[in-house]
Amino acid sequence: MADRRRSAKQGNEAPKDPKKAANAAFVAKNKPELEILFDRYRDSGHPEADDKKDVMQGKALQTLVADVDPTKGDLIIYILAWRLSCSHSLRILRAEWFHGLTQLKVGSQAKLKAFILSSMEDINNNPEEFEDFYYYLYDFVREDRTQLLKTETAVQTWQKVLRQRFRHLDDWCAFLQETAGDGEDLGVSRDVWRQLYDFSKNVPALDKHGADSAYPVVIDDFVEWALLKQTVKSSKP
Amino acid sequence: MEPRLKKKEKTSEVFEGEWRFLQDSFEELKNFISNGYKVPHQTKVNKKMEAYTVVYNLCTKSSSTKGGATTQKELYHRCRNMIKQHLRDNVTEVVVDKTGDALLLEVHKEWKAHNLVARWVRFMFTYLDQYYTIEPQIDNLATMMLRCFHDAVFEKIKSNLRNVVLDNIESEREGNSINQECLRSAIWLFIDMGMATTEVYQEEFENHFLTSTKRYYERLSAQWLGEDGGKWAYLRKTEARMQEEARRADLYLAPSTKGQLLKTLDQALLANCLETCLQDPDAGCQALLKTERNEELGRMYRLFSRVDNGLSTMADIVREYIEKEGKTLNSAFSTGGPADGGEPASTTYIKACLTLHDKYSSLFADYLNNHEEFLKARKTAFETFVNPQQSDAWVLKQRTAGKDTFDVVTASELLSTYLDSLMKKEIESEEQLDSTLDRCVTLFTYIHDKDLFQQFYMKQMSRRLMHNKNDRLRDQERQFISKLKMKMGSVYTTKLEGMLTDQGTTEQQGAHFRNWMSTNDHKLPCDFTPQILTTGFWPAFKHDTLVPPPDMQTCLAFFAKFYDKTTQSRKLTWIHSLGSAVVTKKFTKGPREMSVTTYQACVLLLFNETGIVNAKEAQETLKLPFDEIKRTIHSLAYGKFPVVKPQDDKKTTKAVRESDNFIINEAFTTNSRKFKIPAAVKQERETIIDTNQERRRHVIEACIVRIMKSRHRLKHTEVVTETIKQLSHLFTPEPRVIKKRIEDLIQRQYIERDETDRNEYRYLA
């Protein structure tokens, strides 16, 4: 079946530019392997329904992680999704898989692994790349795209992504969980998500934060809460 | 050759001769002075004229101008020498030896004499002044005389003289009497010795005088403050001293000194102890305010207005004090128990605020010259305590009806309630009403949430207008609204005015309706007056579900028909919750007329159909929510006038349940034939407050969008300040709330953050 597809492709399309030609060649060479990879992962996720056969999600993604680098956890998925420009939350579609990996010239499992790890390096070293990645994440982890990102999910994601970058990460997560427990969980807006990153970059010490800043109200509240905690801590004998 | 020589000789001979005559005249003059000026006037004049003539002749006799010039010069010099010698021989010695008061006296004498001599010399040698001394480098005679005296006498005695003068002044300050005439002449000597400049006066006298004055008063100030209870009298004494020094300056100092003298006093007596005087717990500003010693406050104001920061410090203390008093009023309201004299707590509170305000009005006007610092102080103080934050200790609280918790109340609500009670009564005197309303408007300007006041006032006014058809009362309403309009502009008061206009329209329509009924031969089953409310003006009322009894329905139908005919495309919605009715019933003890609400009337009319009315059935017939039925029956059965009673006599609770049955209380009686059965009033204030909060959110958002639309890009802080500025006439939005609204607008994509500068927002079209 793969052969037939291959030859059909070669026969029908006259490559118009070198890039397309290269792509076509690439596809021809590596498609089987990519397909096998995709199927393998998908199957490990034990999809139940038939219509799920073009989607990698859930456990499938976990298997992928295990293959590449179990120590890095969900970060692997995020990076891959970002690179493949996946448009659905928490899942990778077959089309996206192929299209993306083809563009990136990743043809085998080894190359995939190398690619993901190098992307990770990229993010760590290049702040612009990280920002792009971080902004992308908001939509990827948001299961229900009609609503704001759930606070719980946001907290989990932040724990994975901002670990080294945000000094007050733990305080921040504690704060959110405390206040979310009081009333209804309103969720985290895109603005807050983005501004948090900005905040982590520009405001190292909490008392440097001015009350008339343009950060969202929730960040103002957080600073107030954290400072209060600090004074309480320091006043205790 | 010879004739010439002779002439010269002759000239000089004549000259010497004449000169001797002049010298003799001078001697006579000296004697005349030392003999105490006892010479008849005419002699004086004759002598003077003789001398004058001599000089004149001498000067004019010379044939050539050159000769004339030399004569003049000669005369001038000889005169000067003569004076100098005279001074040296006769005056200097006498004066130099003296000290103390004797010096003063002697100087006075000699100076007076010298002035007289100077006058004579000036007169005798007038010709010189006209022709010789007009050269700029030659002193005129007056100046020459002064210079002679200066060199011969003044130079030698000036420091001694100065010290004597200063001693004398100090002595006078201590209360002793001194020779004022001598003193004055001595000081004026200093002035004159400057010869048209004030340098001598300033250097030799004024500076020393001011320094010694400063030291003297500094010492005095410390002494007074140290005295027991000295602070009480301090200002009074200061004022007295200042007046004394002013008089002294007028009496014998140069006019230029007065200003500086008083300034020195300000420094020494007032500026140095500004804080001490004002802050003193016993006699300071606050103490005076407490004991209402207005006169002393007036003096304090007069004196401290002369000193830098004097008034601002004083105004600050005034502000603090007023704030404290205001906060006490707040606490009294919050903790107060049942009002005294049956007056609601809001009235007591507002009246107290108004009284507080007036108290200071009179103080400011009468004693403090209505200075703007104090007016500002009062304004700030009032704004602080009338607008407490939730977290402040002096926040206004009142007990929630029926519960043990406390609600936070705003002054806007209390003011509105006070005006409500005011407007319900007819106030006899126009003036009194006018002044009360004015004061209320002043209080209103201090309140920050003016929009909340508008909501409360509208609601209460609508109820007032509904229940009271009195013309006089309506005029009172109009009066207040016009005052409000002047303060806030017409936009703020359109709805209120609209409500009043509706009242007028209602009357007209009512008359037309009655006409129409009679012309068309319709008859109303009962007396019926509709009230027309234009939807936009009146506060929103809940949709009414009442199904009125058939009689009422006929009336309503007629009116609907009439209204349809007379107006185009208007929809009528009946709001029965606002209506009222008069129901008559013949009780056992006699007929009674009851003023009730429409709901109550409907319930009562149910008893016409059946003697026993069941609560649930009532609900089904009238199609009202059960809560409403409960309340209505409760007011009829368990209120002040129980015209209805539960069928089950043994019922103990006052709660109305669905299964309860009720019958008319035939045995009911009361003293008056007509009476009003009050209906239960729903607790509406929470809804008003909540809707207002909601409204504010929208207003803030609209404002932000407006600002962003016109400016396109703006920094966060500027957005906040601009919003607050634009809304300040209605209420003060908190920066935090504004920020939240901005976030919301970002979410809804009205604005976005700038990519490069996260502090800047951009308007999204």
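**Here we look at the confidence of the model for chain A**
Parts of the model with low pLDDT should not have their predicted coordinates read in detail.
Inference 1: In this model, chain A carries a mean pLDDT of 77, and residues with pLDDT of at least 70 account for 84%.
Inference 2: Overall, residues 7-15 of chain A carries pLDDT values under 50, and its contacts beyond four positions in sequence, including any with other chains, amount to four contacts.

**Overview of the sheet that holds strand β4 (residues 590-597) of chain B**
For sheets, the rule is that strands pair by backbone hydrogen bonds, running either parallel or antiparallel.
All names here are of chain B.
Inference 1: Spatially, the three strands line up as an open sheet ordered β3-β4-β8, and their pairing is mixed. In this open sheet, the two strands that pair with only one neighbour each are β3 (580-587) and β8 (674-676). The average undirected angle you get between the axes of adjacent strands in this sheet is 25°.
Inference 2: Those strands touched by helix α23 (residues 598-609) are β3 and β4, and its axis lies near 135° from that of β4.

**Section: helix α28 (residues 735-747) of chain B**
Counting along an α-helix, one turn takes 3.6 residues, and residues three or four places apart therefore face a common direction.
Residue and element names in this part refer to chain B.
Inference 1: When the terminal C-alpha atoms of α28 are compared, their 18 Å separation across 13 residues agrees well with the 18 Å that a helix rising 1.5 Å per residue should span.
Inference 2: Among the residues of α28, Ile738, Lys739, Arg741, Ile742, Glu743, Leu745 and Ile746 are the ones counted as buried.
Inference 3: Downstream of α28 by one or two residues, Gln749 has phi in the positive range, about 60°.

**Describing the packing of helix α10 (residues 190-202) of chain A against helix α11 (residues 217-235) of chain A**
Residue and element names in this part refer to chain A.
Inference 1: Between α10 and α11, the least distance of the axes is 10 Å, while the angle of their chain directions is 45°. Taken together, the axes of α10 and α11 lie oblique to each other. Counted together, Val192, Gln195, Leu196 and Phe199 of α10 and Val218, Ile219, Phe222 and Val223 of α11 form the full contact between these two elements.
Inference 2: A per-class count over the contact of α10 with α11 returns seven nonpolar, one polar and no charged.

**Here we look at the interface of chain A and chain B**
Inference 1: At the junction of the two partners, chain A supplies 17 residues and chain B supplies 12 residues.
Inference 2: Across the chain A/chain B interface, buried area totals approximately 1100 Å², and carbon plus sulfur atoms make up 45% of it.
Inference 3: Looking at the side of chain A facing chain B, the largest losses of area belong to Asp191, Ala214 and Val217 of chain A, adding up to 49% of the total buried there.
Inference 4: Connecting chain A to chain B are three salt bridges.
Inference 5: Ionic pairing is found between Arg753 of chain B and Asp191 of chain A, a salt bridge with its closest N-O pair at 2.7 Å.
Inference 6: The tally of links from chain A across to chain B stands at seven residue pairs in polar contact (both at pLDDT 80 or more).
Inference 7: If one sorts the elements of the side of chain A that touches chain B by residue count, α10 of chain A sits on top with six residues.

Basis of the calculations
- Residues numbered from 1 in each chain as written.
- Chains lettered and ligands numbered in written order.
- Predicted model: local features only at pLDDT ≥ 70, side-chain atom pairs only at ≥ 80, totals over all residues.
- Heavy atoms only, no water.
- pLDDT = per-residue confidence, 0-100.
- Contact = heavy atoms within 4.5 Å.
- Pairing = 2+ DSSP bridges.
- Helix = DSSP H or I, 4+ residues; strand = E, 2+ residues; numbered from the N terminus.
- Axes fitted to C-alpha atoms, helices over the stretch in contact; angles between N-to-C directions.
- Expected span 1.5 Å × (residues − 1).
- Buried < 20%, exposed > 50% of the residue type's maximum accessible area, 1.4 Å probe, protein only.
- Parallel < 35°, antiparallel > 145°, perpendicular 65-115°, else oblique.
- Nonpolar A, V, L, I, M, F, W, Y, C, P; charged D, E, K, R; others polar.
- Buried area = accessible area lost by both parts, 1.4 Å probe.
- Salt bridge = Lys/Arg side-chain N within 4 Å of Asp/Glu carboxyl O.
- Polar contact = N/O pair within 3.5 Å; in protein donor to acceptor, adjacent residues only side chain to side chain.

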